[in-house]
Amino acid sequence: MIVRRRRLVPTALTAGLLLSALPVSAAQAAETFPAPASGAWTVTGRGYGHGYGMSQWGAQSRAVAGQDHRQILEAYYPGTTAATRADRTVRVQLSRFSGPEVFLESRSAAPLRVGDRTVPQGQRLRVTWDGTALVLTAFLPGWQEVWTQRWTSVPTVTGADGVWVERLDGSGNRYAGTISFPLSTPVTPINTLSLEDYLLGVVPRESPAWFAPEALQAQAVAARSYALSTLRAPSSAYDICDTEACQVYQGAASRTAAGAVTDLQPAATTAAVRATAGEIREYAGAPAFTQFSSSNGGWSATGSKPYLRAAEDQFSSPAGKVPQDTVAGWTAQLPVSTVASRCPAGGQPRALSITRRDGNGEWGGRITELVVRCTTGDATLSGASVARFSGALRSSWWAVVPGGTAQIDATWRALGAAGGVLGAPTGPVWALPQVEGSYQLFQNGSVYWSPRSGAHAIRGAIRDAWGRLGWESSVLGFPTTEEGALGLRGGVGQQFLGGSLYWSPATGAHEVHGAIRDRWIALGWERGWLGYPVSDERRLAGGAYSLFEGGSVYWSPATGAHAVRGAIRDAWAAQGWETGRLGYPTSDEYDVPGGKRSDFQGGSITWTPAGGAVITAR
């Protein structure tokens, strides 16, 4: 039996105490969610990205509220100060083009130059690796070779109007500065240009150009500081990469395979870079590690530096965001198949348990540890990013939406909402940890849901009896109907996946299920001569029985279920019930001339008004 304090229906006096007793701490009991039959957990989340440092959407909200870029940066990097640095060159690894071959073009009247060779407009330069050297070959359209040259030193390609770096199909990007190639495979271009020109290609990729000017300026300073704080050693082939692992950088323009060209440096972001030229955030005399992400959802996360602190951020929360922000709060599907990749030995998930959060914000904050409970054993995942499941979710700050939430709400409303028989909710919808299902507590009862049963209310003495039996883990399982008045001596009944619960003022509430229930039904339910049940089913060494107002129903595998009552039952009892010489009943009571008879494994009992109960043994 699963015992959970929150199952108890709060009284008006204790409801507030119960709710206040349910905060979620960083070291909480596991939130466990069985794998859903639908194939995916529904989750609701906050923020987009790791949550360290500046929230880009938060910066926009702050700018709209009137903060300037330095106020924004001071809020997100407390303890850092404004400083300046002279422009310098940076080497950017263009990993998006890394592969067996790379193509370069001019696409303007100014030719490309590499060593003593030129590549005028209309020609393409192909770069490959032959195992010991780079091979540069210039082609005319139709793959007509113009020249080829092997390089055992690093070649540098220049162009007065920049260099187009392309794939075989002609799609690619134009970059300011020069393009060079380390002597290695795969062939990977390196773009060398000034830091300020590099930022012209970063800021529009990190923040929308329509953001407020002060938000874009905050982004420019953060991007400049981040670049300077993460430059690789001079001995490395490059200083910084062009992906989200560093900062997204795509140069000045892009081109599709069909030839459509898009300018990637809008005037607004260029103005933000120029307006803050050289400005950085500094800490202890060095450029600050100014991490940023799309949205922190209302709380920043604790990072690796003193100024990357966890703090509440109303400007990035669902309540305080600008209207265009769609990532402060979100919902998504987490497929069971995605989670299955974490199971050992190719197993399948049985449940997902969230075992630790950082303690900051709704639901207890970001998930820092979870356990995938699999058919092949458990897999414990810990760290800042594991709960994103390789980008399947926007952040690690999320909670599973218990299945049936909408159905539970609809059932409550159909029963009159707060003014109905259940009263007002006293807590949220809770997921059940052992079986797919959920429930919500109300002032006067509960509503339970499972995929098989749907959502149904349960209350009063019937709910108390169901709880005594073990809730949904009992033989009854989930309710499949609402409680219904029976019209016989003030009784009520409710049906479940595994049986029934019936109550009357005289008998209290008792369950009946299986073959015994089937026999009771065949004899007319509570309106038949058995009446209401007065006990739950009781197990015997070789069978089971239930007591009713008008008699008993006994069952064994060999005999099935049969009812016995009155004087015949009394005589059978005197013989030792089912353990006596007569054994289990093999028939219900039936008419014989002048009386009634019941058959048993070891004989029969016949009753007449004149002779009473007479035993005939085999």
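About the thresholds
Residues numbered from 1 in each chain as written. Predicted model: local features only at pLDDT ≥ 70, side-chain atom pairs only at ≥ 80, totals over all residues. Heavy atoms only, no water. Buried < 20%, exposed > 50% of the residue type's maximum accessible area, 1.4 Å probe, protein only. Helix = DSSP H or I, 4+ residues; strand = E, 2+ residues; numbered from the N terminus. Arc of directions from axis to C-beta. Contact = heavy atoms within 4.5 Å. pLDDT = per-residue confidence, 0-100. Salt bridge = Lys/Arg side-chain N within 4 Å of Asp/Glu carboxyl O. Axes fitted to C-alpha atoms, helices over the stretch in contact; angles between N-to-C directions. Parallel < 35°, antiparallel > 145°, perpendicular 65-115°, else oblique. Left-handed = near helix turned anticlockwise from the far one by under 90°. Nonpolar A, V, L, I, M, F, W, Y, C, P; charged D, E, K, R; others polar. Lys, Arg positive; Asp, Glu negative; His and termini not counted. Core = buried A, V, L, I, M, F, W, Y, C linked by side-chain atoms within 4.5 Å.

Engineer: Quick one: what's the story with helix H8 (residues 405-414), residue by residue and with numbers?
Structural biologist: If you check which residues of H8 are buried, you get Ile-408, Thr-411 and Trp-412. Each buried residue of H8 lies within a common arc of 100° when the element is viewed along its axis, so the set occupies one face. Turned more than 90 degrees from where H8 packs its buried face, Ala-406, Arg-413 and Ala-414 sit exposed. Of the surrounding elements, those touching the buried residues of H8 are strand E28 (425-431), strand E29 (438-442), strand E30 (445-450) and strand E31 (454-458).

Engineer: Which residues make up helix H2 (residues 56-64), and what are the values?
Structural biologist: Burial of H2 is extensive: 8 of the 9 residues sit out of reach of the surface. Gln-56, Trp-57, Gly-58, Ala-59, Gln-60, Ser-61, Arg-62 and Ala-63 are the residues of H2 that are buried. In this structure, the buried residues of H2 make contact with strand E3 (54-55), helix H3 (69-76), helix H4 (195-206), helix H5 (213-230) and strand E22 (292-293). Gly-66 occupies a position one or two residues after H2 and carries a positive phi of about 105°.

Engineer: Before we move on, could you go through unusual backbone geometry and cite the residues and values that matter?
Structural biologist: As a rule of thumb, non-glycine residues mostly have phi less than zero, and peptide bonds are mostly trans rather than cis. Residue Pro-186 is bonded to the preceding Thr-185 through a cis peptide linkage, with omega at 0°. Mapped onto the elements of the fold, Pro-186 is located in the loop between strand E15 (178-180) and strand E16 (190-194). Positive phi is not limited to glycine here, since Ala-417 has a value of about 55°. When you line up the elements, Ala-417 lands in the loop between H8 and E28.

Engineer: Please set out the confidence of the model for the protein residue by residue, giving values where relevant.
Structural biologist: Low pLDDT means the predicted atomic positions in that stretch should not be read closely. With 95% of its residues at a pLDDT of 70 or more, the protein has an overall mean of 94. Here residues 1-6 scores under 50 on pLDDT; set against residues more than four positions off or in separate chains, the count is 20 contacts.

Engineer: Let's hear about the pattern of salt bridges: which residues, and what values?
Structural biologist: The full count for this structure, using the stated rule, is 23 salt bridges. Where Arg-224 meets Glu-196, a salt bridge forms, and the shortest distance between an N and an O atom there is 2.9 Å. With a gap of 28 residues between them, Arg-224 in helix H5 and Glu-196 in helix H4 connect regions that are remote in the sequence. In this structure, Arg-224 and Glu-196 share a single accessibility class: buried. With a shortest N-O distance of 3.3 Å, Arg-539 and Glu-537 are connected by a salt bridge. What makes Arg-539 exposed here is its relative accessible area of 60%. A single network of salt bridges, built from pairs that share partners, joins Glu-105, Arg-107, Arg-124 and Glu-166.

Engineer: Quick one: what's the story with the packing of H2 against H5, residue by residue and with numbers?
Structural biologist: Between H2 and H5, whose axes approach to 8 Å, the crossing angle comes to 140°. It follows that H2 is oblique to H5 by the angle criterion. Crossing handedness for the pair H2 and H5: right-handed. Note on element contacts: H5 touches H2 through Glu-214, Ala-215 and Gln-219, opposite Gln-56, Ala-59, Gln-60 and Ala-63. In the contact of H2 with H5, the residues fall into 3 nonpolar, 3 polar and 1 charged.

Engineer: Lay out the environment of Gly-404 in plain terms, naming residues and giving numbers.
Structural biologist: Inspection of the secondary structure assignment puts Gly-404 in the loop between strand E27 (398-400) and H8. For Gly-404, a relative accessible area of 7% corresponds to the buried category. As for Gly-404 and Gly-427, which are separated by 23 residues in sequence, their C-alpha atoms are 15 Å apart. Not counting residues within four places of it along the chain, the set of residues in contact with Gly-404 comprises Ser-438 and Trp-449.

Engineer: How would you explain the side chain of Arg-569 if you had to name every residue and give the values?
Structural biologist: Position of Arg-569 among the secondary structure elements: in helix H11 (residues 566-574). One buried charge, Arg-569, has no salt-bridge partner; the nearest side chain with opposite charge is Asp-570, at 4.4 Å. Leaving out residues up to four positions away in the same chain, Arg-569 has contacts with Leu-547, Gly-551, Ser-552, Val-564 and Trp-577.

Engineer: Can you break down the nonpolar core residue by residue, with the values?
Structural biologist: Residues Leu-104 and Tyr-198 are the most contacted members of the largest nonpolar core, which totals 39 residues. No other element matches H4, which puts 6 residues into this core. Apart from residues no more than four positions distant in its own chain, Tyr-198 is found in contact with Val-90, Val-92, Leu-193, Ala-227, Ile-240, Cys-241, Gln-247 and Tyr-249. By size, the runner-up hydrophobic cluster in this structure holds 24 residues, among which are Met-54, Val-221, Phe-289 and Phe-292.

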